[in-house]
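Survey of secondary and tertiary structure
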Amino acid sequence: MKAVDLPVNFFTYRVLIVLGITAVAIIFLFFAGYFAHLLLLVFAGILLAVFLRGTAGWLSDRVPLSMGWALTLVVFLLFYCMVIGALLLGPTIANNFNDLAQIIPQAVEQLREFVKRHEAADGLLDRFLQQDKSVFLTQEMFTRIAGVFSSLLGLAASFLIIFANGLYFSVEPNVYIRGVIYLFPKRKQARFRAVLSELGHVLRWWLVGRIASMAVVGILTWGGLLWLGIPSAAALAFLAAVLSFIPNIGPLVSVVPAVLVGWMQGPMSALYVILLYTIIQTLESYLITPLIQRRAIMLPPALILTVQLAMGMAFGVFGVLLATPFAVVILVLVQMLYVEDVLENPVDLP
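Residues numbered from 1 in each chain as written. Predicted model: local features only at pLDDT ≥ 70, side-chain atom pairs only at ≥ 80, totals over all residues. Heavy atoms only, no water.

1. Things to note about the overall build of the protein chain
A count of helices and strands for the protein chain gives 14 helices and 0 strands. Mapped from its N terminus to its C terminus, the protein chain presents α and β elements in the order α-α-α-α-α-α-α-α-α-α-α-α-α-α. Each of the 350 residues in the protein chain was classed as buried or not, and the buried ones make up 34%. Long-range contacts, defined here as pairs at least 24 residues apart, represent 66% of the contacts in the protein chain between residues at least 6 apart. (Helix = DSSP H or I, 4+ residues; strand = E, 2+ residues; numbered from the N terminus. Buried < 20%, exposed > 50% of the residue type's maximum accessible area, 1.4 Å probe, protein only. Contact = heavy atoms within 4.5 Å.)

2. Details of the packing of helix 9 (residues 233-243) against helix 10 (residues 249-265)
The geometry of helix 9 relative to helix 10 is characterised by a closest axis approach of 8 Å and an angle of 170° between their N-to-C directions. When the interaxial angle is binned, helix 9 and helix 10 end up roughly antiparallel. For the pair helix 9 and helix 10, contact is made by L236, L239, A240 and L243 and by G250, P251, V253, S254, P257, A258 and V261, respectively. (Axes fitted to C-alpha atoms, helices over the stretch in contact; angles between N-to-C directions. Parallel < 35°, antiparallel > 145°, perpendicular 65-115°, else oblique.)

3. Description of the confidence of the model for the protein chain
Summarising the model, the protein chain shows a mean pLDDT of 76, and 74% of its residues fall at 70 or more. Averaged over each element, pLDDT in the protein chain is lowest for helix 5 (residues 139-148) (46) and highest for helix 9 (88). (pLDDT = per-residue confidence, 0-100.)

4. Looking at the packing of aromatic side chains
Enumeration over the complete set of coordinates arrives at 6 aromatic pairs. Ring geometry for F76 versus Y80: centroids 6.3 Å apart, planes at 25°, classification stacked. Separated by 4 residues within a single helix, F76 and Y80 lie in helix 3 (residues 67-116), roughly one turn from each other. An angle of 85° between the planes, with centres 4.8 Å apart, marks the rings of F169 and Y176 as edge-to-face. (Phe/Tyr/Trp six-rings, centres within 6.5 Å; stacked < 30°, edge-to-face > 60°.)

5. Examining the nonpolar core
One broad trend across soluble globular proteins is that nonpolar side chains are buried collectively. Counting residues in hydrophobic clusters, the biggest one holds 30 residues, and the most contacted among them are L47, L203, W206, L299, F318, L322 and V328. If you list the elements that add at least two residues to this core, you get helix 2 (36-62), helix 8 (186-228), helix 12 (301-315), helix 13 (317-321) and helix 14 (323-340). F318 has contacts with H37, L40, L41, A44 and I162, leaving out every residue within four places of it along the chain. By size, the runner-up hydrophobic cluster in this structure holds 23 residues, among which are L100, I103, V217 and V255. (Core = buried A, V, L, I, M, F, W, Y, C linked by side-chain atoms within 4.5 Å.)

6. Things to note about the environment of G200
With respect to the secondary-structure elements, G200 resides in helix 8. G200 gets classed as buried once you look at its relative accessible area, which sits at 16%. Separated by 147 residues in the primary sequence, G200 and R53 place their C-alpha atoms 9.6 Å from one another.

7. Looking at unusual backbone geometry
Even without being a glycine, S232 presents a positive backbone phi close to 55°. Mapped onto the elements of the fold, S232 is located in the loop between helix 8 and helix 9. With relative accessibility at 8%, the residue S232 sits in the buried group.

8. A few points about the pattern of salt bridges
Applying the stated criterion to the full structure yields 1 salt bridge. In this structure, E340 engages R191 in a salt bridge whose closest nitrogen and oxygen atoms are separated by 2.7 Å. Of this pair, E340 sits in helix 14 while R191 sits in helix 8, and the two are 149 residues apart along the sequence. Judged by relative accessible area, which is 25%, R191 ranks as partly exposed. (Salt bridge = Lys/Arg side-chain N within 4 Å of Asp/Glu carboxyl O.)

9. Quick look at the environment of Q189
Here Q189 is to be found in helix 8. Spatially, the C-alpha atom of Q189 lies 9.4 Å from that of R178, the residues being 11 residues apart in sequence. Polar side-chain contacts of Q189 include one of 3.2 Å to the backbone oxygen of F184. (Polar contact = N/O pair within 3.5 Å; in protein donor to acceptor, adjacent residues only side chain to side chain.)

10. Thoughts on the packing of helix 12 against helix 14
For the pair helix 12 and helix 14, the least separation of the axes is 9 Å and the interaxial angle reads 120°. One element, helix 12, and the other, helix 14, form an angle in the oblique class. When the axes of helix 12 and helix 14 are compared, the crossing they make is right-handed. In this structure, helix 12 contributes L303, I304, V307, Q308 and M311 to the contact, and helix 14 contributes A323, T324, F326, A327 and L331. Taken together, the residues of the contact of helix 12 with helix 14 break down into 8 nonpolar, 2 polar and no charged. (Left-handed = near helix turned anticlockwise from the far one by under 90°. Nonpolar A, V, L, I, M, F, W, Y, C, P; charged D, E, K, R; others polar.)

11. Side note on the side chain of S244
Along the chain, S244 turns up in the loop between helix 9 and helix 10. The buried category is assigned to S244, whose relative accessible area is 5%. S244 has contacts with R210, M214 and V217, leaving out every residue within four places of it along the chain.

12. Let's talk about the side chain of N96
With respect to the helices, strands and loops of the structure, N96 is situated in helix 3. On the basis of relative accessibility, which here comes to 12%, the residue N96 falls in the buried class. Discounting residues that sit within four places of it in the chain, N96 has contacts with S232, A233, A234 and A235.

13. A closer look at helix 12
Its 15 residues place the ends of helix 12 21 Å apart at the C-alpha level, agreeing with the 21 Å of an ideal helix rising 1.5 Å per residue. When helix 12 is considered as a whole, its buried residues turn out to be I304, V307, Q308 and M311. One face of helix 12 carries all of its buried residues, which in axial projection span an arc of 105°. Among the exposed residues of helix 12, those pointing more than 90 degrees away from its buried face are A302, T306 and M313. Those residues of helix 12 that are buried lie in contact with helix 2, helix 10, helix 13 and helix 14. (Expected span 1.5 Å × (residues − 1). Arc of directions from axis to C-beta.)

Written out as structure tokens, the structure reads:
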């Protein structure tokens, strides 16, 4: 069989296409890395918009209010709760954190003295708490954690960007949805509109579940620590509630300062604190979260941990904070665009 000679222009055209796609990919990766922090802020704003719009929609369906007035009421109530919470609990939590800054270094020293009496554990603790190599259970660890929030101006600017984006996205979401839909061919626009709708639904219920779980964890932790007579219970409960937003990693981080504070009361108090946190996290993982998130997508723990590690390495603390909702987005896109559309297998989405 005689080979068919293709014109040179055909190969030139293919090469130019490949070079063009490569250049676009490189430019996209460059800008994605350069503006990574800004993209994460935009993603956080979208999450806030999903929560505000979903809450306003739920309220509008149950009371005689338009979507606009319902959204206004939701934003007002959110600010009202934040202000009242800051006025009622803010001073107590702030004072508790000041106490923790003094208690935790003392607890570390007391723990060292206790372990030094046991030769088998002495070398292990010295290696674990080396000042020049380890950042765990030392004052340096809390200094580094505090350093994340040291720039008040940067933190305020980030919250302002998130709030502004969330408010704009929630007021007129269809404007931005249409803008994204128009980037795809007409024959695919209906499908991508369904994908975006499903993403909004899943993220909305995931956020509702997370916020409710955070509230339950905070209340149970506060009550349990007060019952055990642990100092700075309000700050430790606030820390446990906030960090429970981050599955897997958050609960492990929140238990460390609580155990150290309990250690100041005695080894048995530290053991009781560990038992309390274990019971609360077990209830949260196997009872509270499944009940709250029955209408949310179930995330495999391995997927969550992988995305957390990847985004933590790429974007730091802020990446870890947004890793789980990002995993939700990835899972929905894979299930709808690959499993359903390419493999043509049915998917049971919430």
